[in-house]
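# Summary of structural features
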Amino acid sequence: MKSSKSLINIAFKFQTIKTYLILLFLFTGNNGFTSNYQLETTRLKSTAGAGVASLLIDEATILNPAPMAFFNIASFYIQRSDQTTTTNENGMSKPINDSEHISFIASDSKGILKGSASYQKFKETNFSRKRWAVALASPIGKSSAIGINFRKTKDEENKNLSEYTQVILGLSHVLDESLSFGLVLIDPLNKKVTDNKGIIGMQYSYKHLLSLIFDIGGDYKEGIEETLSYKTAVQIKVFEDFYFRMGLFKDKSVLENGNGIGLGWVQPKLSIDFAMTTKKTNKDLLEKLFKETSFSLSYRF
């Protein structure tokens, strides 16, 4: 009797997700401006974006929504980031842009169906991006979970406006306390031509003292080999409440590579994170260097 009820509940959840996908496909538009800037949390910036397999709740609307199913808490997250951009022309460094990024995320994973919502804003001289997102997640077994993220983005470049809505599908599987896996499919409905990515991730943890994180992926429509990207990071527990993080990444699709470094102070109800990232791109014979600092606060209750 209990197993029958469980099967009915799972079927209902999948039917709900399927309905959302159909509605989204019917009522949303296509394409938009291209921007290399990634709207990430401070923690993700410190790990160079790696974390598809990590068990995180504030990142549900940013990266993989599925791990939210393993939590039973509510949280509120706020973040501020500042970035400077310089070009290298004839051996001379020239500043061209200053930009800022603000994020607000609210999550509630205390119910049967877990949910999260976020608002992010990025602005620089000639380009701005606003993004609203909602994520849902549910367990599909004792050690696996599925999630879906709906995000609507509004880009404005030189007074030209573009709006598009995308779906992100996520899977998470925890093999044991030390090893977890994750899978993310970004924009399978092809609402933005340059944003169709599949990412596979793995995280190995040793006694909560050391974590090794690795993500690899690419554009599954244009070709994985030509658009291959990888991100790798390490997290080390320092003293009792502090975590040091460092990561590297390379993305062939946008000819970009870089690194991140950060520190997190984690308490039962409060977390404070700080990160610095450096990115370099060499496109159309023009080298650009991006330096960013990010600060965030997360309160759980």
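Report on the accompanying structure. Fair warning: this is a prediction, and the values are worked out from it, not measured in the lab.

With that settled, consider the pattern of salt bridges. All told, the structure shown has seven salt bridges when counted by the stated rule. When the shortest N-O distance is used, the salt bridge between Lys-45 and Glu-292 registers 3.1 Å. Of this pair, Lys-45 sits in helix 2 (residues 42-46) while Glu-292 sits in strand 14 (residues 286-300), and the two are 247 residues apart along the sequence. Judged by its relative accessible area of 1%, Lys-45 falls in the buried class. The partner of Asp-82 in a salt bridge is Arg-80, with the nearest N and O atoms 3.0 Å apart. The network of salt bridges with common partners includes Arg-80, Asp-82 and Glu-100.

Listed in full, the 10 residues of the largest apolar core are Leu-44, Val-52, Ile-62, Leu-63, Tyr-77, Ile-105, Ile-168, Val-184, Ile-186 and Ile-199. When residues no more than four places from it in sequence are discounted, the contact partners of Val-52 are Leu-63, Asn-64, Gly-182, Leu-183, Val-184, Ile-199, Gly-201 and Asp-215. Listed in part, the eight residues of the second largest apolar core include Ile-57, Ala-60, Ala-69 and Ala-145.

Here the focus is the packing of aromatic side chains. Evaluated as defined, the whole model comprises three aromatic pairs. On the numbers, 5.6 Å between centres and 45° between planes, the contact of Tyr-119 with Trp-132 is tilted. With Tyr-119 in strand 3 (residues 114-123) and Trp-132 in strand 4 (residues 127-139), this residue pair connects regions lying 13 residues apart in the sequence. According to the relative accessible area criterion, Trp-132 is partly exposed, its value standing at 38%. Here Phe-122 and Phe-127 contribute two aromatic rings whose centre-to-centre distance is 6.4 Å and whose plane-to-plane angle is 55°, an arrangement assigned as tilted. Owing to a relative accessible area of 2%, Phe-122 belongs among the buried residues under this scheme.

Criteria and cut-off values
Residues numbered from 1 in each chain as written. Predicted model: local features only at pLDDT ≥ 70, side-chain atom pairs only at ≥ 80, totals over all residues. Heavy atoms only, no water. Salt bridge = Lys/Arg side-chain N within 4 Å of Asp/Glu carboxyl O. Helix = DSSP H or I, 4+ residues; strand = E, 2+ residues; numbered from the N terminus. Buried < 20%, exposed > 50% of the residue type's maximum accessible area, 1.4 Å probe, protein only. Core = buried A, V, L, I, M, F, W, Y, C linked by side-chain atoms within 4.5 Å. Contact = heavy atoms within 4.5 Å. Phe/Tyr/Trp six-rings, centres within 6.5 Å; stacked < 30°, edge-to-face > 60°.

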